[in-house]
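The chain contents come next:
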Amino acid sequence: MSRVESAAEIRLFRVYEANSVMRAYRVYVDGARAGSIRAGEERSFPVATGDHEVQVRIDWTRSAPFLVSVAPGEVVRLRCAAKADYVNSLRRIITAPHDFLEVTFNGQDDA
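Residues numbered from 1 in each chain as written. Predicted model: local features only at pLDDT ≥ 70, side-chain atom pairs only at ≥ 80, totals over all residues. Heavy atoms only, no water.

## Re the nonpolar core
For clarity, the cut-off: Nonpolar cores are built from buried Ala, Val, Leu, Ile, Met, Phe, Trp, Tyr and Cys residues. Side-chain atoms within 4.5 Å join them into one set. Each residue is placed in one exposure class: buried if its accessible area under a 1.4 Å probe, protein chains only, is under 20% of its type's maximum, exposed if it is over 50%, and partly exposed if it falls in between. Labels follow the DSSP assignment, with helices taken as runs of H or I lasting at least four residues and strands as runs of E lasting at least two, numbered in each case from the N terminus.
With 22 residues, the main nonpolar core has Leu12, Tyr25, Val56 and Leu78 as its most contacted residues. Among the secondary structure elements, those contributing two or more residues to this core are strand 1 (8-14), strand 2 (25-29), strand 4 (42-47), strand 5 (50-58), strand 7 (66-70), strand 8 (74-82) and strand 9 (101-110). Counting residues per element, this core draws most heavily on strand 8, which supplies 4 residues.

## Considering the side chain of Gln55
Let me state the cut-off plainly: In what follows, residue pairs with any heavy atoms lying within 4.5 Å of each other are defined as contacts.
Topologically, Gln55 is positioned in strand 5. The buried category is assigned to Gln55, whose relative accessible area is 10%. Ignoring anything within four residues of it in the chain, the contact list for Gln55 reads Arg26, Val27, Tyr28, Arg62, Ser63, Ala64 and Pro65.

## Quick notes on the pairing of strand 5
To be explicit about the condition: By definition, two strands form a pair when at least two bridges between them are found by DSSP.
Note that strand 2 and strand 5 share 4 bridges and pair antiparallel. Opposite Val29, over in strand 5, you have Val54 as the bridge partner. Both strand 5 and strand 7 contribute to a ladder of 5 bridges, which runs antiparallel. In the sheet register, Glu53 faces strand 7, and the bridge partner there is Leu67. The pairing of strand 5 with strand 6 (residues 61-62) spans 2 bridges and is antiparallel. Paired with Arg57 across the two strands is Arg62, which belongs to strand 6. Linking strand 5 back to strand 6 in an antiparallel pair, the connection comprises 2 residues, with Asp59 at a positive phi of about 55 degrees.

## What to know about the packing of aromatic side chains
To keep it simple, the criterion reads: Only centres within 6.5 Å qualify two rings of Phe, Tyr or Trp (six-membered ring in Trp) as a pair; their planes then separate them into stacked at under 30 degrees, edge-to-face at over 60, and tilted for everything else. Placement of a positive charge over a ring is assigned whenever Lys NZ or Arg CZ falls within 6 Å of the ring centre and within 35 degrees of the normal to the ring plane.
Enumeration according to the criterion identifies 0 aromatic pairs in this entry. Over the face of the ring belonging to Tyr25 we find Arg14, whose NZ or CZ atom lies 3.6 Å from the ring centre. Lying over the aromatic face of Tyr28, Arg57 brings its terminal NZ or CZ to 3.8 Å of the ring centre.

This is the structure:
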């Protein structure tokens with residue numbers, strides 16, 4: 001990948017939440033593991049310009065894939081969190097493990 005192709009970034013912020021504060025989410029970009037993120041943390045993932053699929057996972061639960069398009073020099077900001085609060089987490093883990101977490105758009109910066 002040339003320097004121009006990799007001059008874009010996905011910046012992911014994870015909400016601080018009590019139900020999994022001690023655990024890291026695994027971050028996947030285009031189906032490949034890109035790293036992990038802890039509660040309250042923000043991580044940057046350099047990517048080539050173009051379309052990408054971002055997903056977070058913890059244990060057997062995951063988010064739906066989030067599709068994002070990144071232009072040259074652009075920083076796309078995303079946030080991730082559990083969809084359920086502490087009280088409803090167990091029910092959601094059982095009934096919707098494929099949709100337990102979420103990734104949403106949180107803004108963008110032009111470099």
